[in-house]
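Observations on the model geometry
Each chain, letter by letter, is given below.
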Amino acid sequence: MSNRAARGGATERDRYGAPTYRRLALAPGLLAAIVVIAGFALIEGSGFIFIRYAVAILALIIGYFAFQAKQWWWMPLLLAIAVIWNPVVPFGFSGVYWYGAQYAAIVVFILTAIFVKVPLTEAEKPGRAR
């Protein structure tokens, strides 16, 4: 028995070791962080428009997963990223401001990828007959 279970805290695995949650935002969150890192090379170029599209779309996808997980406190950060990286009505940032925004977006994407979890329903748990 682990220390956490012995103290009466909730564990993140059932008694057979299977996880009791899904991390739906993990893949898009890490992909978005990689896209933002790739965007450092394109900030001043014309190819940055593709980075803007990808980041805005991935921020909305991750926001949907955060909403589905009932973790609404991530929504303002993800919506701000979607608006700032919006390629349709672009903001006129340049230089240091874009670099700072890129770093902040990387941190937000990685944190949401780690902390957004959706609990499994009884039908989704492993070993259950369907």
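Residue positions are counted from 1 within each chain, in the order its sequence is given. Thresholds applied to this predicted model are a pLDDT of at least 70 for local features of residues and 80 or more for the giving and counting of side-chain atom pairs; totals over whole chains, interfaces and linings are not thresholded and use all residues. Hydrogens and waters are ignored; side-chain quantities use all the structure's heavy atoms.

**Here's the deal with the packing of aromatic side chains**
Here is the rule we go by: Aromatic rings from Phe, Tyr and Trp, with only the six-membered ring used for Trp, were paired whenever their centres fell within 6.5 Å, and each pair was classed as stacked if the ring planes differed by under 30 degrees, edge-to-face if by over 60, and tilted otherwise. Helix numbers and strand numbers start at the N terminus; a helix is a DSSP run of H or I with at least 4 residues, a strand a run of E with at least 2. Burial status follows relative accessibility: with a 1.4 Å probe on protein chains alone, a residue under 20% of its type maximum counts as buried, one over 50% as exposed, and anything between as partly exposed.
Inspection of every chain in the model, using the stated rule, returns six aromatic pairs. When the ring of F40 is compared with that of Y103, the centres are 4.9 Å apart and the planes differ by 45°; the resulting orientation is tilted. Separated by 63 residues along the polypeptide, F40 in the loop between helix 2 (26-39) and helix 3 (48-68) and Y103 in helix 5 (residues 96-115) bring together distant segments of the chain. Judged by relative accessible area, which is 54%, Y103 ranks as exposed. Centre to centre, the rings of F67 and W72 are 6.4 Å apart; their planes meet at 65°, and the pair counts as edge-to-face. The class of W72 is partly exposed, set by a relative accessible area of 45%. Three or more aromatic residues link up through ring pairs in this structure, and these residues are F40, Y99 and Y103.

**Brief notes about helix 3**
For the record, the criterion: Given the number of residues in a helix, its expected span is that number minus one, multiplied by 1.5 Å.
If you check helix 3, its first and last C-alpha atoms are 30 Å apart, about what 21 residues at 1.5 Å a residue would give, namely 30 Å. Looking at helix 3, one finds that the buried residues are F48, I51, R52, V55, A56, L58, A59, I62, G63, F65 and A66. K70 occupies a position one or two residues after helix 3 and carries a positive phi of about 60°.

**Some thoughts on the packing of helix 4 (residues 75-84) against helix 5**
What counts here: Fitted lines through C-alpha atoms give the axes, limited to the stretch in contact for helices. The angle between two N-to-C directions lies from 0 to 180 degrees. An angle below 35 degrees is read as roughly parallel, one above 145 as roughly antiparallel, one from 65 to 115 as roughly perpendicular, and any other as oblique. The handedness criterion is simple: a crossing whose near helix is rotated anticlockwise from the far helix by less than a right angle is left-handed, and one whose near helix is rotated clockwise is right-handed. Residues are treated as being in contact if the distance between any of their heavy atoms lies within 4.5 Å.
Running from N to C, helix 4 and helix 5 point in directions that differ by 140°, and their axes come no closer than 11 Å. The angle between the axes of helix 4 and helix 5 places the two elements in the oblique class. Crossing of helix 4 against helix 5: the hand is left-handed. Where helix 4 abuts helix 5, its residues L77, L78, I81 and I84 lie against W98, A105, V108, F109 and T112.

**Observations concerning unusual backbone geometry**
Although it is not a glycine, K70 sits at a positive phi angle of roughly 60°. Within the secondary structure layout, K70 lies in the loop between helix 3 and helix 4.

**As for a nonpolar patch on the surface**
Formally: A patch consists of residues whose relative accessible area exceeds 30% and which take part in no salt bridge; residues with like charges are grouped when within 9 Å of each other, and nonpolar side chains (Val, Leu, Ile, Met, Phe, Trp, Tyr) when within 5 Å. Only the protein chains shown count as covering a residue, and every accessible area follows the Shrake-Rupley method with a 1.4 Å probe. Each reported salt bridge corresponds to a side-chain nitrogen of Lys or Arg within 4 Å of a carboxyl oxygen of Asp or Glu.
A cluster of nonpolar residues, L26, L30, V107, I110, L111, I114 and F115, forms a patch on the protein surface that exposes about 550 Å² of accessible area. Of all elements in the fold, only helix 2 and helix 5 reach the threshold of two or more residues within the nonpolar patch. The element that contributes the greatest number of residues to the nonpolar patch is helix 5, accounting for five residues. Mapping I110 onto the fold places it in helix 5.

**Side note on the environment of L77**
Topologically, L77 is positioned in helix 4. For the pair formed by L77 and A59, sequence separation is 18 residues and the distance between their alpha carbons is 9.1 Å.

**Re the environment of A32**
Secondary-structure assignment places A32 in helix 2. C-alpha of A32 to C-alpha of L58: the two residues are 26 residues apart in sequence and 6.1 Å apart in space. Filtering out sequence-adjacent residues up to four positions away, A32 remains in contact with L58, I62 and F109.

**Structural notes on the confidence of the model for the chain**
Selection criterion: Confidence scores here are pLDDT values: one per residue, from the predictor, ranging 0 to 100.
On average, residues of the chain score 83 in pLDDT, and 78% of them are at 70 or above. Segment residues 1-9 is flagged for pLDDT under 50; beyond a separation of four residues in sequence, or across chains, it makes five contacts in the model.

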